[in-house]
Amino acid sequence: MSTQRLLQLSDCHITADADTQLRGYDTHELLRKLLEQIKKRDRHFHALLLSGDLSDRGSAESYQRLNALLSFCKKPIYALPGNHDQLLEMRDQLRKIAQCVHSADLGTWRLLMLNSQQAGKTEGYLSEDELSRLKLWLDHGKNIPSLVAVHHPPCSIHSAWMDAINLQNGDELLDIVKSHHQVKAISFGHVHQAFDQTIHGVRLLGTPSTCFQFTPERDEFDIDDKPPGYRWFELHDNGEFDTDVTWLGD
Ligand SMILES: [Fe+2]
């Protein structure tokens, strides 16, 4: 086995057609540019993780457009839903390129993916089923270094408006993770910014959006002037890892 390089792309907010922009941003074009950069400068990755809000309104057309953008990728792609997604449509339209699964093994590591979506709501919540499945995986894989991925952040990101729509039972997730030391990090999207904080020995990592970013540590909604970005992980055989964010133009 060798170090596994995982790229996390999040909050693409792809629209149904080329004429529809979002807050003046062409989300499809921004993701296309970011993927061009990845193809040129970061092409030796092993897998992609798509951490939700892949579509802006959950339409079949938006997922078809995403499908076309990612069809170059011959590596495994794992996808989990965000509050903007329609899970059934997402699964159906992305089935040829991406797997909407609960777990995947990457070298010596395990990627555990959670669905924090609540129908009709912006904030997230982990159902009993999601939490007990996670606990079961962790109870049976005590020696497997693990990365947990979920759309909503389980912690405050020091931004009042964003904290109000985070993972409403994030404490329950953190309680499970605290008692399973093989979990090295929880990585999320939703926040449209880079975030990196360690709580109880676990890295809590926010991944920027592939379109526009929100200004960190603001109590009210505010768009930042940061470019699109993505997070990369180097998952080493010995259970250690490196991670950072790469921005468009880096
Ligand atoms: Fe979101």
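Residues numbered from 1 in each chain as written. Predicted model: local features only at pLDDT ≥ 70, side-chain atom pairs only at ≥ 80, totals over all residues. Heavy atoms only, no water.

Engineer: Which residues make up the sheet that holds strand 9 (residues 202-206), and what are the values?
Structural biologist: The 6 strands lie next to each other as 4-5-6-7-9-8, forming an open sheet whose pairing is mixed. The sheet is open, and its two borders are formed by strand 4 (103-106) and strand 8 (195-199), each paired with just one other strand. On average, adjacent strands in this sheet sit at an angle of 20° to one another, irrespective of strand direction. As defined by bridge partners, strand 7 (residues 183-188) adjoins strand 9 across 4 bridges and the pair is classed as parallel. Of the residues in strand 9, the one forming a bridge with I186 is L204. On top of the sheet, helix 4 (residues 128-139) reaches strand 4, strand 5 (109-113), strand 6 (146-150) and strand 7; it is set at about 170° to strand 5, its chief contact. Set on the sheet, helix 6 (residues 170-178) makes contact with strand 6, strand 7 and strand 9; between it and strand 7 the angle comes to about 155°. (Pairing = 2+ DSSP bridges. Helix = DSSP H or I, 4+ residues; strand = E, 2+ residues; numbered from the N terminus. Axes fitted to C-alpha atoms, helices over the stretch in contact; angles between N-to-C directions. Contact = heavy atoms within 4.5 Å.)

Engineer: Tell me what's going on with the sheet that holds strand 11 (residues 241-247), and back it up with residues and numbers.
Structural biologist: Overall, mixed pairing links the 5 strands, which are arranged 3-2-1-10-11 in an open sheet. Edge positions in the open sheet fall to strand 3 (77-80) and strand 11, since each of these has one partner strand only. Each neighbouring strand pair of the sheet contributes to a mean axis angle of 20°, computed without reference to strand direction. The sheet contacts of helix 1 (residues 27-41) involve strand 1 (4-9), strand 10 (229-235) and strand 11, and relative to strand 1 the element is tilted by about 170°.

Engineer: So what's going on with the packing of helix 1 against helix 2 (residues 60-70)? Which residues, and what values?
Structural biologist: Running from amino to carboxyl end, helix 1 crosses helix 2 at an angle of 15°, the nearest separation of the two axes being 10 Å. In this view, helix 1 runs roughly parallel relative to helix 2, as classed from their interaxial angle. Here helix 1 and helix 2 pass one another in a crossing that is right-handed. Facing helix 1, whose interface residues are H28, L31, R32 and L35, helix 2 presents R65, L66, L69 and L70. When grouped by side-chain class, the residues that make up the contact of helix 1 with helix 2 number 5 nonpolar, 1 polar and 2 charged. (Parallel < 35°, antiparallel > 145°, perpendicular 65-115°, else oblique. Left-handed = near helix turned anticlockwise from the far one by under 90°. Nonpolar A, V, L, I, M, F, W, Y, C, P; charged D, E, K, R; others polar.)

That's the geometry; what it means functionally is another story.
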